[in-house]
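# An overview of the molecular structure
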Amino acid sequence: EPYKPPKPRKRPKPVENYTCPFEINDIPKNPPIFHKNNGTDAKILVILDSLFSRHGKSIIQVLNSQKFAFKAEAVSKNLPVLTTARKGRYSLIIVENYYKYLNMARWNRQLLDKYCKEYKVPVFSFISSKPNDQLKRIRIKGSSLWMWQNQRIQSLTATPSPIHKISKIGASRQFPPANSPSDWVLFESAPNFEPILTGTVKSGYERAVVVRDKGREDGVERILFGRNLTDFQVKMVFLDSLWWAMGDEKSVSMDRFIQVDIDDVFVGAQGTRIVEEDVRQLITAQHEFQSKYVENFQFMLGFSGSYFRNGDELEDRGDELLIENAKNFVWFPHMWRHNHAHEHNFTYLEAIMAQNRLFAQNMKIPVDYPYAIAPQHDGVFPVHEQMFEAWKKVWNVSATATEEYPHFKPSTHRKGFIHSGIHVLPRQTCGLYTHTQLFDEYPEGFEKVQKSIQGGDLFFTILMNPISIFMTHQQNYAHDRMALYTFENLFRFLKCWTNLSLKWQDPIKSAQLYFEKFPEEKTPVWTNPCQDPRHQAILPPTLNCTNMTLPNLLILGPQKTGSTALANFLTLHPNVSQNSPIPGSFEEVQFFGGANYLKGIDWYLSNFQNASIIFEKSATYFDNPVAPKQASSLIPNTKLVVILQNPTQRAYSWFQHLLAHKDPSALTAASFSEILEENPPETLRKIRQRCISGGRYVHHLGKWLEHFSLAQIMFIDADELRDEPARVLTALAKWLDLPDFPFETHLRYSPSKGFHCRLIEGKTKCLGESKGRKYPKMSDVEREKLDKIFGLDNSALYKFLRKNRLKIPNWLEESVRIRA
Ligand SMILES: Nc1ncnc2c1ncn2[C@@H]1O[C@H](COP(=O)(O)OS(=O)(=O)O)[C@@H](OP(=O)(O)O)[C@H]1O
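Residues numbered from 1 in each chain as written. Predicted model: local features only at pLDDT ≥ 70, side-chain atom pairs only at ≥ 80, totals over all residues. Heavy atoms only, no water.

- The protein chain goes by [heparan sulfate]-glucosamine N-sulfotransferase in an unreviewed UniProt entry, where it is assigned to Caenorhabditis japonica.
- Annotation of the protein chain in UniProt includes, under Sequence similarities (unreviewed entry), the sentence "Belongs to the sulfotransferase 1 family. NDST subfamily."
- According to its UniProt record, the protein chain has this under Subcellular location (unreviewed entry): "Golgi apparatus membrane". (UniProt positions renumbered as here; feature names shortened; annotations may be inferred.)

Below, the structure is given as structure tokens:
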């Protein structure tokens, strides 16, 4: 090998480690307490000053990071509806601005108080000082509590309160007298109130910064914050309070798993790489982290074998020392040359992974866990199916991690998913990149790193995530060794200020834990990668943004309303294309809300061909509970068609469908009438449900309207579709901005079929036997029973259409008239 003269090494900068300002060794172990409400929904109502305020956003950020369900609204004259017919909708109410709460219209306040008392739901609220307000000491309206505004504090201490879980009781810090903020709100001590966090003022008085109103005065429990979340101690109390209100012994744990990946330990330009001394320091640090801070701590080393010994003389020795000490670390594979997966197909990916595996075998690198990382997240999300397949084949991979799902930003929204047997965990950001190598050259100043560690983003990343997986690079362990400084100080700060138990566990166990904790994340939510520039940059070779054959029209059904006829006739138009028929699901794609969804976007796209209108009709969509969300995530701008058939007729047709398919339970029914009994025998209950539930139109529509606007939906009257299909299709084509097409010359009524059919070369081509079946008419008794069942639903639909000035089908007009 040619001689590579070593570049001069920078000396590590001596930087003092963080020292804890207090010593609390035996933590008073509060058994954690949790608030018990009256069985309300696990959802939070957040009333914000405005949806864009900075403070409001930081509240929302915390709720998002903790994956709490919440509804955020700007303050308005009206309170949102607080109860359903059976229970309370919210378990906690957060009001951003306490003054707004105190000055709420009287009837609203009474309503809110009544709700809080009846359902035992606490209120959290924040008070800030009014600038230039001379009135320092004020009594809070309707309470015996006094507060002081525009205060300066000298120290801040977590006082004994069972609310604290993460915060250590007694933990305290001093504020520099000169330039500390002077706008704190402090609460005087009072018998019915318990301080949670206290500040001392110059005169020596201790006053609460966060106080718990135990509800002794008016029956409503509150936690009041005299400071926003910019102070880390206050933010910790906010987090603990949230879990007090929303959690229980099972959901709250003090364990925090931390994984530090050195993403590719051999990749780096000459002169930036680790040398022998860096390797020794890495091993020493690992020991220290293990013994002092993080149970079982292990650095995880990624490798692309091709870059082994690619540095100068000293750096090559560093690489060799790493290999000599391979058993000290946990290793995981990359590609052979740090290759970007999105540029390659299965055959190539398999080959380079196999080459890397050979390298590991030759070098006796232990690869103990089926975990792998893709260089630059390529191929993980957006999913490159062929990379997943190659991973499984070569390395048997079952877990990986990415920052890109669902999107890189905001970092508090990152999630996991399982696809094709591979568990994808969210990865967090720690601020260490390949270009951040020297303390003095840190892009926004080294102070930024320290702030992030000492109560900033990095500190809260650990607090907020049960498992934090970080990506670092070998350059971060060379020269200044910024990574060692960062983690040592992060761990020190966490040990000092929190009761958390820091631990390491292998990524496979972490994957298991993660999806046990968040099972609702298992199914991925597919999005259009062309809408996110970062995703577009790592698009797999199978996807192409100039040629994405995603549908722009969905015919939702419901089932048995004539949806097949509509789809079939629409394809007559030359500018329209439908999916190729799918075997096994009545030709329907049934992607959203169905098993095919797990096959991924590649599969979905593969069913379509380009046209100005690309559509699919899956009559299963309309009443599927997850289809609206999944559809809007992938094709938010799609148009939707809903066919309105008299639900009575629809139910009967569905029953005939079951009979025709020899559904075993349907065959046991003595008659259709028996199924319609209010309490049919056990075997028929499911059939009853299937006949009826799809016909509750407004209920299902509501779900679609949570994700789509009404302007995106076209309603079609099923009777009109049956009797005058050409007219309906002409209107639909117009709505879709398609050029005119003479549907009437391509459709003809077939007396033998009893329905309209396509006319092809002079011959009628009708739908198959299963559409437009021959069966006896429904009896009047059955019809009356069904009309009664759907009575309320039909009047709701009538009202909905009227309100939105949409055409009312004749059958609906009639059914509402008969009822009246
Ligand atoms: N032109 C034409 N040809 C055949 N059938 C027609 C047509 N127009 C409307 N219909 C009615 O469509 C009913 C089947 O509805 P769907 O296609 O939505 O059923 S499915 O859910 O997709 O299986 C079907 O229901 P049944 O009569 O019970 O078979 C028909 O009444």
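From this point, things continue past the structure.
### Here we look at the packing of aromatic side chains
- Per the counting criterion, the structure on display carries 64 aromatic pairs.
- Summarising the aromatic geometry, the rings of Phe439 and Tyr485 are spaced 5.4 Å apart at their centres and angled 80° between planes, so their arrangement reads as edge-to-face. Placement of Phe439 in the loop between strand S18 (422-426) and helix H9 (446-453) and of Tyr485 in helix H11 (residues 482-497) is noted, with a sequence separation of 46 residues between them.
- Take Tyr485: its relative accessible area is 7%, and that puts it in the buried class.
- An aromatic cluster is defined as three or more aromatic residues linked by ring pairs; in this entry it consists of Phe381, Tyr405, Phe417, Trp526, Phe591, Phe592, Tyr597, Trp603, Tyr604, Phe608 and Tyr621.
- Stacked on the ring of Phe518, the Lys or Arg Lys67 has its end atom at 4.6 Å from the ring centre.
- For Arg534, the ring lying beneath its charged end belongs to Phe408, and the centroid distance is 3.8 Å. (Phe/Tyr/Trp six-rings, centres within 6.5 Å; stacked < 30°, edge-to-face > 60°. Helix = DSSP H or I, 4+ residues; strand = E, 2+ residues; numbered from the N terminus. Buried < 20%, exposed > 50% of the residue type's maximum accessible area, 1.4 Å probe, protein only. Lys NZ or Arg CZ within 6 Å of the ring centre and 35° of its normal.)

### So, the site of the ligand
- With respect to spatial proximity, 20 residues lie near the ligand, and among them Ser563, Thr564, Ser653, Lys771 and Tyr775 are the closest.
- Within the backbone of Thr561, an N or O atom sits 3.1 Å from an oxygen atom of the ligand.
- At a separation of 2.8 Å, an oxygen atom of the ligand approaches a polar backbone atom of Gly772.
- In the complex, 92% of the free accessible area of the ligand, which totals 650 Å², lies under the protein chains.
- If you list the elements that add at least two residues to the shell around the ligand, you get helix H14 (563-570) and strand S27 (755-760).
- No other element matches the 4 residues that H14 contributes to the shell around the ligand. (Near = heavy atom within 4 Å. Polar contact = N/O pair within 3.5 Å; in protein donor to acceptor, adjacent residues only side chain to side chain. Areas by Shrake-Rupley, 256 points an atom, 1.4 Å probe, with all protein chains shown as cover.)

### Re the sheet that holds strand S24 (residues 639-644)
- The 5 strands lie next to each other as S22-S23-S21-S24-S25, forming an open sheet whose pairing is parallel. A single partner strand is all that each edge strand has here, and the edge strands are strand S22 (576-578) and strand S25 (713-717). The mean angle between the axes of side-by-side strands here comes to 25°, regardless of whether they run parallel or antiparallel.
- Where S24 meets S25, 5 bridges bridge the pair, whose relative direction is parallel. Across the sheet, residue Val641 finds its bridge partner in S25, namely Met714. (Pairing = 2+ DSSP bridges. Axes fitted to C-alpha atoms, helices over the stretch in contact; angles between N-to-C directions.)

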